Amino acid sequence: RDMQVQTRGEFGGLGIEVTQEGGFIRVISPIDDTPAARAGIRPGDFITHLNGATTQGLTLQEAVDQMRGERGTQIRLTIRREGEQRPIELTITRDVIRPQVVRFRLEGNDVGYIRVTSFNEQTEVNLRRAVTTLRNQAGGNLRALVLDLRNNPGGLLDQAVQVADDLLDQGEIVSTRARRSEDAQRWNARSGDITQGLPIVVLINGGSASASEIVAGALQDHRRAVVIGTRSFGKGSVQTVMPLGGNNGAIRLTTARYYTPSGRSIQNTGIEPDIEVRATRQDPQQANATPPREREQDLRRSLRADGGTPPAPSVQPAPLNLPPGLAERIQRQPPEGFPAFDATRPETDFQLQQALVLARGLAATPQRRAQR
């Protein structure tokens with residue numbers, strides 16, 4: 001049921017993004033136009049009690065499960081807020097919540113920033129809405145897009161295909177190869193690019209997995225976008241969900257591997273960025289002091305990249321052809337003294353700032369589209 005909620009992209013609840021801090025549940029942000037937002041819950045609030053029972057000792061998932069529920073049912077929250085001497089008691093009626101899997105804003109007045117946090121049934125339609133809104137906000141001055149897929153764990157294959165299709169005019173998007181050659185599948189883009197050829201920069205990191213890697217790999221192989229950041233997670237396996245019936249749940253069975261248009265297996269290898277840009281500064285003398293982020297290849301008994309039928313590349317990626325001097329303007333890691341990352345302050349997001357430099361550099365040069 002949890003899996004179905006995640007893929008459907010809606011559930012009964014309050015509409016708040018939360019984390020765990022100091023043993024209690026801390027509000028990251030209420031979602032606009034939800035019961036939590038209308039009740040006045042604020043970022044930074046601590047939820048100390050649910051229906052009078054303390055949240056201390058609960059896991060984050062247990063607290064989330066208690067806050068979710070049928071539309072129209074009520075729950076009582078006790079909140080501790082900075083600056084308030086007494087706890088705040090709120091009774092909130094649950095409603096249908098549709099998480100914001102696509103967030104967007106204008107950077108300056110010429111570059112659109114679109115962050116996709118997962119691929120559920122709402123993703124592609126929200127991407128289209130984001131591009132349309134950004135065009136309107138820019139007043140005809142939209143010159144480039146940054147598509148942020150960092151820490152996006154993936155989701156539905158059909159949504160990844162549709163998102164890539166929205167940004168490609170033609171060509172293969174992804175293929176799957178299974179144990180038997182006759183079970184291979186391939187998805188191709190239809191004519192029509194919703195951005196009308198705007199330059200695109202894609203941001204990835206070690207938390208970008210599965211559907212995120214499909215989109216990044218397709219745009220990279222067709223040279224439709226420049227991919228920057230750090231190597232992705234490497235989750236290139238296909239799962240088939242088989243309901244067991246009788247309210248006995250389901251089995252999610254691995255049945256195939258994903259391949260990018262050029263025939264690369266995503267499994268275990270991930271997507272290498274065209275330009276590596278680190279989020280934090282790395283001291284060469286301390287390079288091995290912190291263990292690297294765990295990826296698919298680090299997991300016990302993970303699938304190898306081989307298997308299935310031999311890949312037959314349908315597209316050979318063209319060389320990365322950036323305007324002269326642009327690659328040299330991209331810094332590979334933050335300079336000394338760069339401020340610590342703060343999610344509420346885009347200027348502290350070093351990877352994003354380099355993506356904007358790249359996007360504006362691409363926008364300043366006449367497009368040389370390499371799609372085939």
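Treat the numbers as computed from the prediction; the structure is a model and nothing was measured.

What follows is about unusual backbone geometry. Look at Ser210: it is not a glycine, yet its phi comes out positive at around 55°. The topology assignment puts Ser210 in the loop between strand 14 (200-204) and helix 6 (211-221).

This paragraph deals with the packing of aromatic side chains. Considering all chains together, one arrives at 1 aromatic pair under this definition. Their ring planes at 85° and their centres at 5.3 Å tell us that Phe338 and Phe350 sit as a pair that is edge-to-face. Residue Phe338 is located in the loop between helix 7 (326-329) and helix 8 (350-363), and its partner Phe350 is located in helix 8; the two are separated by 12 residues in the primary sequence. Take Phe338: its relative accessible area is 27%, and that puts it in the partly exposed class. Judged by relative accessible area, which is 3%, Phe350 ranks as buried. Across from the ring centre of Tyr259, 4.3 Å away, lies the NZ or CZ of Arg177, which sits over that ring.

Our next topic: the pairing of strand 13 (residues 185-188). In this sheet, strand 13 lies alongside strand 12 (residues 172-178) in antiparallel orientation, the contact comprising 4 bridges. For Glu172, the partnering residue across the bridge sits in strand 13 and is Asn188. Between strand 12 and strand 13, which pair antiparallel one after the other, the connecting turn spans 6 residues.

With that out of the way, let us pick up the sheet that holds strand 12. Pairing within the open sheet is antiparallel, and its 4 strands lie in the order 13-12-17-16. The open sheet has two free edges, formed respectively by strand 13 and strand 16 (237-243), since each of these has just one partner strand. Averaged over all pairs of adjacent strands, the angle between their axes in this sheet comes to 30°, without regard to strand direction. Both strand 16 and strand 17 (residues 250-259) contribute to a ladder of 7 bridges, which runs antiparallel. Bridge assignment links Val241 to a residue of strand 17, and that residue is Arg252.

With that settled, the discussion passes to empty space enclosed by the protein. In total, this model carries 1 cavity of 30 Å³ or more according to the counting rule given. As a volume, the largest cavity reaches approximately 60 Å³. If you go around the largest cavity, the residues you meet are Ile114, Leu127, Val131, Leu145, Val146, Leu147, Leu167, Thr195 and Ile200. Listing elements by their share of the lining of the largest cavity, those giving two or more residues are helix 4 (123-138) and strand 11 (144-148). With 3 residues, strand 11 is the single largest residue contributor to the lining of the largest cavity. Class assignment of the residues belonging to the lining of the largest cavity gives a composition of 8 nonpolar, 1 polar and no charged.

Two elements in contact, helix 5 (residues 157-167) and helix 6, have axes separated by 9 Å at closest approach and are oriented at 25°. Classified by the interaxial angle, the pair formed by helix 5 and helix 6 is roughly parallel. Seen along the crossing, helix 5 lies across helix 6 with a hand that is right-handed. Contact residues: helix 5 offers Leu157, Ala160, Val163, Ala164 and Leu167, while helix 6 offers Ala211, Ile214, Val215, Ala218 and Leu219. Of the residues assigned to the contact of helix 5 with helix 6, the class counts are 10 nonpolar, no polar and no charged.

Right, let's get into the pairing of strand 14. Across the 5 residues of strand 14, 5 count as buried, placing the element largely inside the fold. Going residue by residue along strand 14, you find Ile200, Val202 and Ile204 tucked away on one face and Val201 and Leu203 tucked away on the opposite face as well. Two elements, strand 11 and strand 14, share 4 bridges in a ladder whose sense is parallel. Among the inter-strand pairings, Leu147 is bridged to a residue of strand 14, identified as Val202. Of the pairings in the sheet, the one linking strand 14 to strand 15 (residues 225-229) comprises 5 bridges and is parallel in character.

The next point concerns the packing of helix 4 against helix 5. At their nearest, the axes of helix 4 and helix 5 sit 8 Å apart, and the two run at 25° to each other. Between helix 4 and helix 5, the interaxial angle falls into the category roughly parallel. The chirality of how helix 4 crosses helix 5 is right-handed. Contact residues: helix 4 offers Thr123, Glu124, Leu127 and Arg128, while helix 5 offers Gln159, Gln162, Val163 and Asp166. Tallied by class, the residues present in the contact of helix 4 with helix 5 amount to 2 nonpolar, 3 polar and 3 charged.

Let us now look at helix 4. Here helix 4 is 16 residues long and its end C-alpha atoms lie 22 Å apart, about the 22 Å a rise of 1.5 Å per residue gives. Listed in full, the buried residues belonging to helix 4 are Thr123, Glu124, Leu127, Ala130, Val131, Leu134 and Ala138. An end-on view of helix 4 places all buried positions within 110° of arc, on one side of the element. Buried positions along helix 4 lie against strand 9 (102-107), strand 10 (111-116), strand 11 and helix 5. One or two steps after helix 4, the chain reaches Gly139, where phi turns positive at roughly 60°.

All right, on to the nonpolar core then. Counting residues in hydrophobic clusters, the biggest one holds 43 residues, and the most contacted among them are Ile114, Leu147, Ile173 and Val202. The residues contacting Leu147, other than those within four sequence positions of it, are Ile114, Val116, Leu167, Ile200, Val201, Val202, Leu203, Val215 and Leu219. Ranked by size, the runner-up nonpolar core spans 20 residues in total, among them Val146, Ala355, Ala359 and Leu362.

Calculation criteria
Residues numbered from 1 in each chain as written. Predicted model: local features only at pLDDT ≥ 70, side-chain atom pairs only at ≥ 80, totals over all residues. Heavy atoms only, no water. Helix = DSSP H or I, 4+ residues; strand = E, 2+ residues; numbered from the N terminus. Phe/Tyr/Trp six-rings, centres within 6.5 Å; stacked < 30°, edge-to-face > 60°. Buried < 20%, exposed > 50% of the residue type's maximum accessible area, 1.4 Å probe, protein only. Lys NZ or Arg CZ within 6 Å of the ring centre and 35° of its normal. Pairing = 2+ DSSP bridges. Axes fitted to C-alpha atoms, helices over the stretch in contact; angles between N-to-C directions. 1 Å grid on protein atoms, 1.4 Å probe; cavity = no way out; pocket = protein on both sides within 12 Å on 5 of 7 lines; lining within 4 Å. Points joined across faces, edges and corners; volume = space filled by probe spheres on them. Nonpolar A, V, L, I, M, F, W, Y, C, P; charged D, E, K, R; others polar. Parallel < 35°, antiparallel > 145°, perpendicular 65-115°, else oblique. Left-handed = near helix turned anticlockwise from the far one by under 90°. Contact = heavy atoms within 4.5 Å. Expected span 1.5 Å × (residues − 1). Arc of directions from axis to C-beta. Core = buried A, V, L, I, M, F, W, Y, C linked by side-chain atoms within 4.5 Å.

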